[in-house]
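Residues per chain, in single letters:
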Amino acid sequence: MEKSFHERVIEIIKNIPEGRVATYGQIASFAGNPKAARQVSYILHSSSQKENLPWHRVINSKGGISLKFEGGYELQKKMLMNEGIIFNNNDIIDLKQFLWRP
DNA sequence: TTACTGACCTTTT
DNA sequence: AAAAAGGCCAGTA
C-alpha cells in the first residue's frame with residue numbers, strides 16, 4: 001500500500017532543509033510523478049499552512065516565485081532571504097547554489 | 001457523475 | 001537563443 005501523492009509531496013517538502021529551495025518538477029518527480037508538478041502547487045495551497053509546510057522553499061523552474069505580488073510574493077521573498085537565500089537583480093534565485101539536491 | 005481549474009514542466013517551432 | 005503550444009495529474013464545484 002503506497003501513500004497518496006498528496007501525502008508524498010508533503011513528506012518531501014518537509015524534508016527540504018533550510019537555506020535550500022526545491023522546484024515543483026523536482027518534488028513531483030520525487031513523489032513519483034514527474035508530470036504532476038501542477039499538483040504540487042495545488043497541494044501546497046491546500047495544506048501548506050495546515051501541515052505547517054515550508055511552502056516558501058518551493059519555487060518554479062526559473063528559480064523565481066510564481067505568485068503574484070498580492071499573493072505573498074514579498075512574503076516568500078522575505079522568508080527565503082531570512083534563510084540565507086539571495087535573489088538576483090531579476091528576482092531570481094541561483095538554483096546552482098540553493099537548489100535542493102538529495 | 002462530468003467538467004473545469006490550477007503558485008507548472010517539457011518539448012517543439 | 002527565445003517564444004509558443006501542449007500535456008499531464010489531482011482536487012474541487
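Everything below is about the structure printed above this text.
Presented here is an overview of the structure given in this document. Bear in mind that the values here come from a model prediction, so they are computed numbers and not experimental data.

## Quick notes on the protein's contact with DNA strand C
Item 1. Residues in contact with DNA strand C, as listed here, are His-6, Asn-33, Lys-35, Arg-38, Gln-39, Tyr-42 and Ser-46.
Item 2. Put simply, 40% of the atoms of DNA strand C that lie within 4 Å of the protein are in sugar or phosphate.
Item 3. At a separation of 3.2 Å, a base nitrogen of DNA strand C approaches a polar side-chain atom of Arg-38.
Item 4. In the environment of DNA strand C, a base oxygen lies 2.3 Å from a nitrogen or oxygen atom belonging to the side chain of Gln-39.
Item 5. Looking at the surface near DNA strand C element by element, the count peaks at four residues for helix α3 (residues 37-47).

## Here we look at the environment of Ile-85
Item 1. Tracing the backbone through its elements, the reader meets Ile-85 in the loop between α4 (73-83) and α5 (95-98).
Item 2. Ile-85 gets classed as buried once you look at its relative accessible area, which sits at 2%.
Item 3. Sequence spacing of Ile-85 and Tyr-73 is twelve residues, and the spatial spacing of their C-alpha atoms is 15 Å.

## Let's talk about helix α1 (residues 5-14)
Item 1. Among the residues of α1, Phe-5, Val-9, Ile-10, Ile-12 and Ile-13 are the ones counted as buried. Within α1, the buried residues cover an arc of 160° as seen down the axis, which keeps them to one side.
Item 2. Of the surrounding elements, those touching the buried residues of α1 are α2 (24-31), α3 and β2 (58-59).

## A few points about α3
Item 1. Along α3, the positions that sit buried rather than exposed are Val-40, Ile-43, Leu-44 and Ser-47. Relative to the axis of α3, the buried residues are bounded by an arc of 105° and lie together on one face. Those residues of α3 that are exposed and aimed more than 90 degrees away from the buried face are Arg-38, Tyr-42 and His-45.
Item 2. Where α3 is buried, its residues contact α1, α2 and β2.

## A closer look at the layout of surface pockets
A water-sized probe, rolled over the atoms, reveals where empty space remains.
Item 1. Estimated volume of the largest pocket: approximately 360 Å³.
Item 2. As for the largest pocket, its lining consists of 19 residues, and the residues nearest its centre are Tyr-24, Leu-44, His-45, Trp-55 and Leu-67.
Item 3. Contributions of two or more residues to the lining of the largest pocket are made by α3, β2 and α4.
Item 4. Tallying contributions element by element places α3 first for the lining of the largest pocket, with five residues.
Item 5. Considering only residue class, the lining of the largest pocket consists of nine nonpolar, nine polar and one charged.

Quick notes on the rules
- Residues numbered from 1 in each chain as written.
- Chains lettered and ligands numbered in written order.
- Predicted model: local features only at pLDDT ≥ 70, side-chain atom pairs only at ≥ 80, totals over all residues.
- Heavy atoms only, no water.
- Near = heavy atom within 4 Å.
- Polar contact = N/O pair within 3.5 Å; in protein donor to acceptor, adjacent residues only side chain to side chain.
- Helix = DSSP H or I, 4+ residues; strand = E, 2+ residues; numbered from the N terminus.
- Buried < 20%, exposed > 50% of the residue type's maximum accessible area, 1.4 Å probe, protein only.
- Arc of directions from axis to C-beta.
- Contact = heavy atoms within 4.5 Å.
- 1 Å grid on protein atoms, 1.4 Å probe; cavity = no way out; pocket = protein on both sides within 12 Å on 5 of 7 lines; lining within 4 Å.
- Points joined across faces, edges and corners; volume = space filled by probe spheres on them.
- Nonpolar A, V, L, I, M, F, W, Y, C, P; charged D, E, K, R; others polar.

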